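One letter stands for each residue in the lines below.
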Amino acid sequence: MTQPVLDISNLCVNYQTPKGTVQALRHIHLQVPPAKVVGLVGESGCGKSTLISAVIRLMAENAHVAAGKIRFMGLDMQGFSASELRGIRGRDISMVFQDPMTALNPVLTIGRQMVDIQYRDGLSRKKKRERAARMLERVGISDGLSRLDNYPHQFSGGMRQRITIAMALLVQPKLLIADEPTTALDATLEVQIIRLLKDLQTDFQCAILFISHHLNVIAELCDYVGVMYAGELVEKGTVRDIFHRPGHPYTRSLLECDPSVIEEPTRFLPTIPGDIPSLIDLPKGCIFQDRCAHVMTVCRKTPPPAVHLGDHHTAACHFLEE
Amino acid sequence: MEPLLEVDQLRVRFRTKGSVKALLEKDDDPFIDGVMGVSFTIHPGQTFGLVGESGSGKTTLARAVMGLVPVHSGAIRFNGKNLIGLNRGQIKPFRRDIAMMFQDPAGSLSPRLKIRSLLAEPFRIHNRMPDNLPDEIARLLKMVNLSPAMGDLYPHQLSGGQARRVGVARALALSPKLIIADEPTAGLDVSVQGEILNLMARLQDELGVSFLIITHNLAVVRHVSDHAAIMYLGRFLEQGPTQTVFHHMQHPYTQALLSAHASPDPDAVHHRIAIFGEIPSLFSRPRGCEFHTRCPRVRDVCRERFPKAADQEKAHQYFCHFPLSESLQ
Ligand SMILES: Nc1ncnc2c1ncn2[C@@H]1O[C@H](COP(=O)(O)OP(=O)(O)O)[C@@H](O)[C@H]1O
Ligand SMILES: Nc1ncnc2c1ncn2[C@@H]1O[C@H](COP(=O)(O)OP(=O)(O)O)[C@@H](O)[C@H]1O
Ligand code: SF4
Ligand code: SF4
Ligand SMILES: [Mg+2]
Ligand SMILES: [Mg+2]
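Basis of the calculations
Residues numbered from 1 in each chain as written. Chains lettered and ligands numbered in written order. Predicted model: local features only at pLDDT ≥ 70, side-chain atom pairs only at ≥ 80, totals over all residues. Heavy atoms only, no water. Helix = DSSP H or I, 4+ residues; strand = E, 2+ residues; numbered from the N terminus. Rg over C-alpha atoms; globule rule 2.2 N^0.38 Å. Buried < 20%, exposed > 50% of the residue type's maximum accessible area, 1.4 Å probe, protein only. Contact = heavy atoms within 4.5 Å. Areas by Shrake-Rupley, 256 points an atom, 1.4 Å probe, with all protein chains shown as cover. Lys, Arg positive; Asp, Glu negative; His and termini not counted. Charge placed at Lys NZ, Arg CZ, Asp CG, Glu CD. Buried area = accessible area lost by both parts, 1.4 Å probe. Salt bridge = Lys/Arg side-chain N within 4 Å of Asp/Glu carboxyl O. Patch = residues over 30% accessible without salt bridge, like charges linked within 9 Å, V, L, I, M, F, W, Y side chains within 5 Å. Pairing = 2+ DSSP bridges. Axes fitted to C-alpha atoms, helices over the stretch in contact; angles between N-to-C directions. Near = heavy atom within 4 Å. Polar contact = N/O pair within 3.5 Å; in protein donor to acceptor, adjacent residues only side chain to side chain. Nonpolar A, V, L, I, M, F, W, Y, C, P; charged D, E, K, R; others polar. Phe/Tyr/Trp six-rings, centres within 6.5 Å; stacked < 30°, edge-to-face > 60°. Lys NZ or Arg CZ within 6 Å of the ring centre and 35° of its normal. pLDDT = per-residue confidence, 0-100. Core = buried A, V, L, I, M, F, W, Y, C linked by side-chain atoms within 4.5 Å. Domains from an automatic or database assignment.

1. Considerations on the overall build of chain B
Move 1: Along chain B, the regular secondary structure elements total 12 helices and 11 strands.
Move 2: What you see for chain B is a C-alpha radius of gyration of 21 Å, in line with the 20 Å of a compact globule of 329 residues.
Move 3: Along the first, second and third principal axes, the C-alpha set of chain B runs to 70 × 60 × 40 Å.
Move 4: Relative to its full complement of 329 residues, chain B shows a buried share of 53%.
Move 5: Sequence separation of 24 or more characterises 65% of the internal contacts of chain B that already satisfy a separation of 6 or more.
Move 6: Accessible area of chain B: about 15,100 Å², with a carbon and sulfur share of 51%.
Move 7: Charged side chains in chain B number 38 positive and 33 negative. The centres of these two groups are separated by 5 Å.

2. Observations concerning the overall build of chain A
Move 1: Check the secondary structure of chain A and you find 11 helices and 12 strands.
Move 2: Compactness check: chain A gives a C-alpha radius of gyration of 21 Å against a globular reference of 20 Å for 322 residues, within 12% of the reference.
Move 3: Across its three principal axes, chain A shows a C-alpha extent of roughly 70 × 50 × 45 Å.
Move 4: Looking at chain A as a whole, 52% of its 322 residues qualify as buried.
Move 5: Summed over all atoms, the accessible surface of chain A reaches about 14,400 Å², with 51% contributed by carbon and sulfur.
Move 6: For chain A, the distance from the average site of its 35 positive side-chain charges to the average site of its 34 negative ones is 7 Å.

3. Some points on the interface of chain A and chain B
Move 1: In this assembly, 39 residues from chain A lie in contact with 37 residues from chain B.
Move 2: Here chain A meets chain B over a buried area of about 3,300 Å², counting both sides, of which 51% is carbon and sulfur.
Move 3: Taken as a group, D186, T188 and R267 of chain A account for 19% of the area that chain A buries against chain B, more than any other trio of residues on that side.
Move 4: Applying the counting criterion to the chain A and chain B interface returns 2 salt bridges.

4. Re a nonpolar patch on the surface
Residues and elements named next belong to chain A.
Move 1: On the surface, M296, V298 and F319 cluster together to form a nonpolar patch covering roughly 270 Å² of accessible area.
Move 2: Residue position: F319 is located in the segment after β12 (314-316).
Move 3: Residue class for F319 comes out partly exposed when judged on its relative accessible area of 45%.

5. Here's the deal with the pairing of strand β4 (residues 73-78) of chain B
Residues and elements named next belong to chain B.
Move 1: Of the strand pairs in this sheet, strand β1 (residues 5-15) and β4 are connected by 5 bridges, and their pairing is antiparallel. Each bridged residue has a counterpart across the sheet, and for R11 the counterpart in β4 is S73.
Move 2: Once β4 ends, the chain turns through 2 residues before running back antiparallel as strand β5 (residues 81-82), passing N79 with a positive phi of about 50 degrees.

6. A few points about the sheet that holds strand β8 (residues 210-215) of chain B
Residue and element names in this part refer to chain B.
Move 1: Across the sheet, 7 strands lie side by side as β6-β7-β8-β3-β9-β10-β11; this open sheet has mixed pairing. Either end of the sheet is taken by a strand with one partner, and the two such strands are β6 (98-101) and β11 (317-318).
Move 2: With 4 bridges connecting them, β6 and strand β7 (residues 178-182) associate as parallel partners. Residue pairing across strands places M101 opposite A181, the latter belonging to β7.
Move 3: Against the sheet, helix α3 (residues 88-97) touches β6 and β7, its axis set at about 50 degrees to β6.

7. Some remarks on the site of ligand 2
Residues and elements named next belong to chain B.
Move 1: Residues in close proximity to ligand 2 include F14, E53, S54, G55, S56, G57, K58, T59, T60 and L282, which together make up its full environment.
Move 2: Between T59 and ligand 2, the recorded distance is 2.8 Å, taken from a side-chain N or O atom to an oxygen atom.
Move 3: Relative to its free-state accessible area of 560 Å², ligand 2 is covered by the protein chains to the extent of 59%.
Move 4: It is helix α2 (residues 58-65) that contributes the most residues to the shell around ligand 2, 3 residues altogether.
Move 5: Of the residues belonging to the shell around ligand 2, the class tally is 2 nonpolar, 6 polar and 2 charged.

8. Overview of the packing of aromatic side chains
Move 1: Scanning the model with the defined rule gives 11 aromatic pairs over all chains in all.
Move 2: Relative to F291 of chain B, the ring of Y232 of chain B lies with its centre 5.4 Å away and its plane at 85 degrees, an arrangement referred to as edge-to-face. Of this pair, Y232 of chain B sits in strand β9 (residues 227-232) while F291 of chain B sits in the loop between α11 (252-259) and α12 (300-304); the two residues are 59 residues apart in sequence, bridging distant segments of the chain.
Move 3: According to the relative accessible area criterion, Y232 of chain B is buried, its value standing at 0%.
Move 4: Plain terms: the ring middles of F306 of chain B and F319 of chain B are 5.5 Å apart, the flat faces sit at 40 degrees to each other, and that makes the pair tilted. With F306 of chain B in the loop between α12 and β11 and F319 of chain B in the segment after β11, the pair connects residues that are 13 residues apart, well separated along the chain.
Move 5: The class of F319 of chain B is buried, set by a relative accessible area of 19%.
Move 6: These aromatic residues form a ring-pair network of at least three members: Y229, Y250 and F288 of chain A.
Move 7: One Lys or Arg, R235 of chain B, reaches over the ring of F306 of chain B and ends 3.6 Å from the middle of that ring.
Move 8: One residue, R299 of chain B, lies across the ring of F322 of chain B, its end atom 5.6 Å from the ring centre.

9. Describing the confidence of the model for chain B
Residues and elements named next belong to chain B.
Move 1: Confidence along chain B averages 91 in pLDDT terms, with 96% of residues attaining 70 or more.
Move 2: Per-element confidence in chain B ranges from a low mean pLDDT of 67 for helix α4 (residues 105-108) to a high of 98 for strand β3 (residues 47-51).
Move 3: Here the complex is predicted with pTM 0.91, and the ipTM for its interfaces comes to 0.87.

10. Some words on the sheet that holds β5 of chain B
Residue and element names in this part refer to chain B.
Move 1: Overall, antiparallel pairing links the 4 strands, which are arranged β2-β1-β4-β5 in an open sheet. Looking at which strands have only one partner, the edges of the open sheet turn out to be β2 (31-42) and β5.
Move 2: As paired strands, β1 and β2 are joined by 9 bridges and run antiparallel to one another. Along β2, the bridge assignment pairs V12 with V35.
Move 3: The strands that α2 touches are β1, β2 and β4; relative to β1, the one it contacts most, it runs at about 115 degrees.

11. A word on the nonpolar core
All names here are of chain A.
Move 1: If you look at the biggest cluster of nonpolar residues, it comprises 64 residues, and the most contacted ones within it are M114, I163, I165, F210, V225, F243 and Y250.
Move 2: Top element by residues in this core is helix α6 (residues 157-170). It accounts for 7 residues.
Move 3: Mapped onto the domain boundaries, this core takes at least three residues apiece from domain 1 (6-92 + 173-316) and domain 2 (103-172).
Move 4: Apart from the residues lying within four places of it in its own chain, the contact partners of M114 are A132, M135, L136, L148, A166, M167 and L170.

Structure, rendered in structure tokens:
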């Protein structure tokens, strides 16, 4: 098998808080192969952002990697110095966030920011501007050269997100990490951005780690999918494994809750009753036990094993068979 | 049955410059239209679903019905009585009958107040203190499936779903006849979204309250509402019984919105109706049919004239020169 761009093994991350240790990620195994899109889906608080911050090594002050390894292009991320990490983040790994203004400076023109980001390339300023303009047009902003002189506030929210994508790709990263990039957008813009990411990914051939709590977007964009619940990766597989043959009761419930898949109009929609367990006081056994419709005594005693359901498909549940 | 709410040709305008500036710049119309001649009806016990992209004027319309933004023209009749032009005293009893659940509950709940005090607020504001306030608060919490102990918590201690429940409980406080819910499930996870919508449906069955639900989630509207309207740049481009709007839509914008949804099937072949670009700004309202800048069926006439309603009397209304049932030559 070709070497994955990103290889996360047995990652455990804790947060120290006055109330105790929040075990935000527990034993995460996840790989992002070259030129593939891997989606991470899960409800808020399940640890998606924590995972990303661990990958790019920009963690909160009270966060701590308790165990595990993260390899980027085969190299242990732990082994890099702070300046090497900055280099990797600027060149090899790009980020797109939910709020485009995280990545844009409001007081600088788009052109200035898009030229600055190419500081490592030995091109003339003029060439860099031309490249930036072409990239703007590539992401659907017409008249790129003259738009370079505009400030971020002169663009709509959807346009700003296109600009951050253009900036992320200008450095030709090996890995693009997108944290809920479409969550704040209307569905009409969301599908446009998804389409754009898909096209760009085919052209640029970079790997993408795409985070969303929106299942349908994951279905449309991703090759592989990981489903997270309360700090654990409870199921992973190809996009078809997850959407056509979901194994884990949590994945199944989540898919059933989506009102867009329910054909017959109904005033009462399916839900997953209950709340996520406390990550400070973890229950013994299966993490999903309090909300699982199939829970049995064994689930409350023993953590379920990861069951192999197919080539790439695994799920952690006592009642699944290989 | 008599309608509960009848909105007739409602128009809301926002001033864009002061009168001096407008005079100096010889701008004889320093206004933009947030709501532009909207008409609709909500019957008792029914749910009216309003969809549209952000910036289409949904919140402005809701605020106008609540009396929170001045109305330029048109009528808002509640139980047959026009609320426009009433003075403060005359309008008071009606204000209690219409409650609002605001977008972003965390932002609209004061962080310094306990849930208990937040639930007492509507009574205080409307000068309607019940004889036994603690009992009343316990009753409200129970109605939305929250335990009485929740009364002692602060908003930041609640989950997203619980905060929405508090929003529902607050709206219910004065036993309104109409609740306007602005994006009641935005930002919630799907598993929790259902809980809130189910709660609203149950309360409707128990109390007979009507809902005006504003959302940009079409799937939600398809399930929960009796009538649906599609809003764009301050107008209802199409409205009618929900099933008709979803299954016999006539407006190209409705069709485009419906096909703009990602599908949970990775193998689905997307016959997506191309909808280009983004909603224009109110400052540069396109001439003619406002949707013409993005419409795949656009013809010259669309750029000139706004279409007339197909048939004003019918429940199903749409504004389009070339509705979908007519084939284009
Ligand atoms: N700095 C922090 N200190 C303590 N707990 C945190 C911190 N950041 C996140 N958490 C907790 O870690 C868990 C995972 O959070 P997060 O990674 O943000 O989830 P997601 O991105 O999936 O919504 C949550 O329970 C959250 O409350
Ligand atoms: N007080 C105001 N003055 C000027 N423009 C306003 C005002 N309130 C809202 N608008 C404009 O009206 C339009 C519709 O806004 P809104 O009703 O919030 O739409 P929606 O709720 O559908 O997203 C927006 O373009 C907004 O900027
Ligand atoms: S192990 Fe038990 S509780 Fe956990 S998902 Fe499987 S059946 Fe449900
Ligand atoms: S009137 Fe013309 S531009 Fe407007 S929606 Fe109909 S076909 Fe499209
Ligand atoms: Mg997050
Ligand atoms: Mg709004």
